[in-house]
Amino acid sequence: MTRRISQGIAAALVAVLLSGCATKLMDGIWGDDSSATSAAAASSTAAVAPDMAAAQEDAAVAKLYNEALADLNGNSLRSALKQFGEVERQYPYSSYATQALLMQAYISYKLGKWDDSVNAANRYITLHPGGKDVGYAYYLVAVCNYDQIGNTRHDQSSTKRALDALQEVAQRFPDTSYAADAATKVLVARDHLAGKEMEVGRYYYRQGAYLAGINRFKTVVTDYRNTSQTPEALYRLTEGYMALGVVSEAQTAAAVLGTNYPQSQWYKDAYQLVSTDGQVPEASKESWITKAFDAVNPL
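Teacher, can you tell me more about the packing of aromatic side chains here?
Aromatic ring pairs are defined here through the distance separating the ring centres and the angle between the ring planes. Evaluated as defined, the whole model comprises 11 aromatic pairs. Ring geometry for Tyr205 against Phe217: centres 5.1 Å apart, planes inclined by 80 degrees, an arrangement best described as edge-to-face. Placement of the pair is Tyr205 in helix H9 (residues 177-206) and Phe217 in helix H10 (residues 210-223), with a sequence separation of 12 residues. The exposure class assigned to Phe217 is buried, which follows from its relative accessible area of 0%. Connected via pairs of aromatic rings, a cluster forms that spans Tyr65, Phe84 and Tyr96. In this arrangement the basic side chain of Lys185 is found over the ring face of Tyr146, its NZ or CZ atom lying 5.2 Å from the centre.

In this structure, what is going on with the nonpolar core? I would like to understand it.
Note that soluble globular proteins tend to have their nonpolar side chains buried in a common cluster. Counting 75 residues, the largest nonpolar core has Phe84 and Leu237 as its most contacted members. In terms of residue count, the dominant contributor to this core is helix H7 (residues 134-146) (11 residues). Dropping the residues within four chain positions of it, Phe84 is found in contact with Tyr65, Ala68, Leu69, Leu72, Ala100, Met103, Gln104 and Ile107.

Would you mind showing me how to read a nonpolar patch on the surface here?
Among the surface-exposed residues, Leu211, Leu244 and Val246 lie close enough to one another that they form a single nonpolar patch of about 260 Å² accessible area. Summarising the element assignment, Leu211 is placed in helix H10.

I tried to follow unusual backbone geometry on my own but got confused; where do I start?
Leaving glycine out, the prevailing phi sign among residues is negative, and the prevailing peptide bond configuration is trans. Of note, Asn75 is a non-glycine position whose phi angle comes to about 65 degrees, a positive value. Taking the relative accessible area as the measure of exposure, Asn75 reaches 53% and is therefore exposed. At Asn226, a residue that is not glycine, the phi angle is positive and equals roughly 60 degrees. By the element assignment, Asn226 lies in the loop between H10 and helix H11 (230-244).

It is not clear to me how the pattern of salt bridges should be interpreted in this structure. Could you clarify?
A pair can form between side chains of opposite charge whenever their charged atoms are brought close. For the structure on display, the rule yields 10 salt bridges. Here Lys185 ties to Asp181 by a salt bridge, and the two come within 2.5 Å at their closest N and O atoms. Of this pair, Lys185 and Asp181 are both found in helix H9, 4 residues apart, which corresponds to roughly one turn of the helix. Overall, the relative accessible area of 13% leaves Asp181 in the buried class. Between Glu239 and Arg236 there is a salt bridge, and its shortest N-O distance comes to 3.0 Å. With Glu239 and Arg236 both in helix H11, this residue pair falls 3 residues apart, about one helical turn. Under the relative-accessibility criterion, Glu239 is labelled partly exposed at 24%. In the salt-bridge network here, residues are joined through shared partners; they are Arg202, Glu232, Arg236 and Glu239.

I keep staring at the packing of helix H4 (residues 77-90) against helix H5 (residues 95-110) and nothing clicks. Help me out?
Two numbers describe a pair of packed helices, the interaxial angle and the distance between the axes. Here H4 crosses H5 at 150 degrees, and the two axes come no closer than 8 Å. Judged by the angle between their axes, H4 and H5 are roughly antiparallel. Crossing of H4 against H5: the hand is left-handed. Along the contact surface, H4 presents Leu77, Ala80, Leu81, Phe84, Gly85, Val87 and Glu88, while H5 presents Tyr96, Ala97, Ala100, Leu101, Met103, Gln104, Ile107, Ser108 and Lys110.

Explain the side chain of Glu88 here, please?
Relative to the elements of secondary structure, Glu88 occurs in helix H4. Polar contacts involving the side chain of Glu88 include one to the side chain of Arg123, which spans 2.6 Å. With near-sequence residues (within four places) excluded, Glu88 lies in contact with Ala97, Ala100, Leu101, Gln104 and Arg123.

Any chance you could explain the side chain of Gln251 here in plain terms?
By secondary structure assignment, the location of Gln251 is in helix H12 (residues 247-260). Contacts of Gln251, omitting those with residues within four sequence positions, involve Val274, Gln279, Val280, Pro281 and Glu282.

Honestly, H12 in this entry has me stumped. Any pointers?
Given a rise of 1.5 Å per residue, 14 residues ought to cover 20 Å, and the 20 Å separating the end C-alpha atoms of H12 matches this to within 8%. When you tally the buried positions in H12, you get 10 out of 14 residues, the bulk of the element. On its buried face, H12 sits against H11, helix H13 (265-274) and helix H14 (288-294).

Procedures and definitions
Residues numbered from 1 in each chain as written. Predicted model: local features only at pLDDT ≥ 70, side-chain atom pairs only at ≥ 80, totals over all residues. Heavy atoms only, no water. Phe/Tyr/Trp six-rings, centres within 6.5 Å; stacked < 30°, edge-to-face > 60°. Helix = DSSP H or I, 4+ residues; strand = E, 2+ residues; numbered from the N terminus. Buried < 20%, exposed > 50% of the residue type's maximum accessible area, 1.4 Å probe, protein only. Lys NZ or Arg CZ within 6 Å of the ring centre and 35° of its normal. Core = buried A, V, L, I, M, F, W, Y, C linked by side-chain atoms within 4.5 Å. Contact = heavy atoms within 4.5 Å. Patch = residues over 30% accessible without salt bridge, like charges linked within 9 Å, V, L, I, M, F, W, Y side chains within 5 Å. Areas by Shrake-Rupley, 256 points an atom, 1.4 Å probe, with all protein chains shown as cover. Salt bridge = Lys/Arg side-chain N within 4 Å of Asp/Glu carboxyl O. Axes fitted to C-alpha atoms, helices over the stretch in contact; angles between N-to-C directions. Parallel < 35°, antiparallel > 145°, perpendicular 65-115°, else oblique. Left-handed = near helix turned anticlockwise from the far one by under 90°. Polar contact = N/O pair within 3.5 Å; in protein donor to acceptor, adjacent residues only side chain to side chain. Expected span 1.5 Å × (residues − 1).

Interpretation note: all reported values are geometric properties and have no functional meaning in isolation.
As structure tokens, this is what we get:
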């Protein structure tokens, strides 16, 4: 489902990209004779012969690029990918090659060739850091990693790369549709990373390694606040500190849980856990848990 949503967004964005870029690139070939008029004026003034070889090359690369566009519009993706590659290979210094590189990145993404898409997008970024479509290139890098996010049982390296790339998009291009979508995906990526920490922490608890588990749940509280994992993390901290006999920290975790998530079942369970022998949840101002929640949280 996540991949289908991302592909839908990317497809909508590329539709805009295609229409705008195709119009711009075609202006010098179909119907826009402003450049030809300028060339004629220059010729009559300076008596410079027209560059017929350049004109022929422009026509050839335009034809190749249009064939690639036709394949793309006809959903012949592999053929389009090959054709755009030929545009870049045969005419590397043309404006068409610049756009063909970005189209290769998009088509590779659509075909599920994540590495090829990222490589093409990164080449665009390196070669054209000030290009008008560089934001789209950054976005493609991000969603390629985002679409590879698996469940929390798998390695989360793709999730971390996705998070970094998504945050970069949001920061570099704040007023674009890419940034808005990236900001939403950042929340999902953070939740996945927090979920992985929770899974490992629960495993340690099952082994009786409470201190190791506490360190994992601490990471959720300090690094992944405002994710869906935080209420359980606070409960697990309550549970772990009670098992270790560190009652003050257990009470603090339960109290912070009650303050921030009073309707949570995790709070009800934590309350019962620390309410033995007349004790009640009470936050210590000196606890790292209290300080973590008092600190400014950017997300």
